[in-house]
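Reading the structure
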Amino acid sequence: MEIGILGGGIAGLSVALALHQQGYRPRVYERRAAPATMGAGVTLWPNAGFVLQELGLLRDIEAVGGRPVMAHRYDAAGNALGGVDIALLDRTMGYPTQTVLRRDLQAVLLKHAARAGIPVEFGHRAAAIDLDAHGKAVAHFENGVSIRPDLLIGADGRMDSVARKFVAGDNTPIYQGFVNWIGVAQGQSALVDDIAIQDFWGAGTRFGCVAIRTDLLYWAAAQARPLPGETSTSGIRKEIEDLFAGWPEPVARIIRATPAHAIRLIAVHDLEPLHTWSRENVLLIGDAAHAPLPTSGQGACQALEDAWHLARCLEGAGGSLDEVFQQFTKIRSPKTTKLAEQGRIFARALFAMDPEACRIRNERAKASNPVRDVQILAEGWAQGLPMPLNAGGMPVDGVGVSSLYAPE
Ligand SMILES: Cc1cc2nc3c(=O)[nH]c(=O)nc-3n(C[C@H](O)[C@H](O)[C@H](O)COP(=O)(O)OP(=O)(O)OC[C@H]3O[C@@H](n4cnc5c(N)ncnc54)[C@H](O)[C@@H]3O)c2cc1C
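Read on for a plain summary of the structure. Note that the structure is a prediction, hence the values are computed from the model and not measured.

Below, the discussion takes up the overall build of the protein. For the protein, the helix and strand inventory stands at 13 helices and 18 strands. Rg of the C-alpha trace for the protein: 21 Å, near the compact-globule value of 22 Å for 408 residues, within the 12% margin. Expressed as lengths along the three principal axes of its C-alpha atoms, the size of the protein is roughly 65 × 55 × 40 Å. Taking the contacts inside the protein whose residues are at least 6 apart along the sequence as the reference set, 73% of them involve residues at least 24 apart.

On the secondary structure map, His112 appears in helix H5 (residues 102-116). Residues His112 and Ile345, 233 residues apart in the sequence, show an inter-C-alpha distance of 37 Å. Every residue in contact with His112, bar those within four places of it in the chain, is listed here: Leu17 and Leu57.

We now examine helix H4 (residues 86-93). Each turn of an α-helix holds 3.6 residues, which means side chains three or four residues apart point in the same direction. Of all eight residues making up H4, six are buried, and the element is well covered by its neighbours. Looking only at H4, the buried set comprises Ile86, Leu88, Leu89, Asp90, Thr92 and Met93. Following H4 by one or two positions, Gly94 has its phi on the positive side, about 80 degrees.

This brings us to the site of the ligand. What surrounds the ligand is a group of 34 residues, the closest being Gly7, Gly9, Gly157, Gly286 and Gly299. At the level of elements, helix H1 (10-21), strand S3 (41-44), strand S12 (174-186) and helix H10 (299-316) are the ones that each hand at least two residues to the shell around the ligand. When residues in the shell around the ligand are grouped by element, the largest group, four residues, is from H10. In terms of residue class, the shell around the ligand is made up of 15 nonpolar, 12 polar and seven charged.

In this section: unusual backbone geometry. In the segment running from Glu249 into Pro250, the intervening peptide bond is cis, with an omega of 20 degrees. Its place among the elements puts Pro250 in the loop between helix H7 (236-243) and helix H8 (251-256). We note that Glu280 has phi near 50 degrees; this positive angle belongs to a residue other than glycine. Checked against the element boundaries, Glu280 lands in the loop between strand S17 (278-279) and strand S18 (282-284).

Quick notes on the rules
Residues numbered from 1 in each chain as written. Predicted model: local features only at pLDDT ≥ 70, side-chain atom pairs only at ≥ 80, totals over all residues. Helix = DSSP H or I, 4+ residues; strand = E, 2+ residues; numbered from the N terminus. Rg over C-alpha atoms; globule rule 2.2 N^0.38 Å. Contact = placed C-beta atoms within 7 Å. Buried ≥ 20, exposed ≤ 12 C-beta atoms within 10 Å, placed from the backbone. Near = placed C-beta within 6 Å. Nonpolar A, V, L, I, M, F, W, Y, C, P; charged D, E, K, R; others polar.

In structure tokens, the structure reads:
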């Protein structure tokens, strides 16, 4: 079976690797001319750790990633609001949490793709998909190339997915009322004391920083605001410094240790859940299927899970793509929909402007039970994966986060 994959991001490259493990020969088509060097980092929680291990990538990620032990929450004055014991989460789920720069994650995925002989065709921007006379999808690229694989996987992200437009008729992302500035801080010496996630909450503002090493961190500063128009990068660092002036260290230190040209502003969008992720021989995965807000903390992790599950569904199928698509959607839809909802709920609490709402949010976070929170996270994030949870725990309804606020 010929398999074409639109998009060489986390979903596209990881599904290519998972399918290659099953003996398929997928081909990836990426719009960029070369691997991306921009972007900050991602936290790959233990459910992603499981998939990385299955794909044979975990060692290489460990070599470039950080192993955080705690996620600490604070208010904007530096008062502690509890946190997540990541070391306990990792022990409970049996796999490590890793913090990693996007460019390093991408390099590991590309290295393994090259080793497996998976062709990644850069400079191939899909422009449209239509059907041939036999009802088979044909993807047309801007460079004049067209492909007609037996299975076409749409892994072309959240902002303008050609595959999603073909499957759902619409691919309009929804602005969720806040922006992120993202960056990577590299210090001459340590910028923080330990490998941890630190998350500072204000009123309509947030600063989250994630250590990979004590002198290397990625961060996201966020503010509730109307959808920005065209933005320029000049003065970008000064704007952030002013916005977070007076916030506790290491906030100012981290902003200062980030070159202004490496800071990027993102108007944060997500996508409405879909009833179906497939049409004819086209299947959506990753953000193109179910982009959650970064506040879910799980977008990349879910893209990796898609890769693993799709390979399993194809393995067990009797040959009908329809069956594969149905089974895949049945497994993946409830979990990803729930995580997307939780991302929105958390974003509403996080970017509340009303002081009383912020006070209640902070009190709830402070009063949360850290052991129970880990149990809730572990049970939610392990859902659908063969990850035996090590700690005996209370039964938990659904996926993830209730009294707990997951960091990005
Ligand atoms: C600020 C921020 C922080 C985040 N932090 C985390 C985190 O800590 N943990 C986590 O799990 N998730 C996190 N996420 C979410 C995560 O980044 C995404 O969910 C993840 O990247 C999805 O992978 P993907 O491959 O589906 O999409 P993408 O990574 O967007 O990749 C899509 C690829 O398709 C290509 N493409 C697009 N259109 C076309 C086209 N027409 N033709 C060909 N190629 C095309 C793109 O160039 C890109 O390479 C965060 C997101 C943001 C915005």
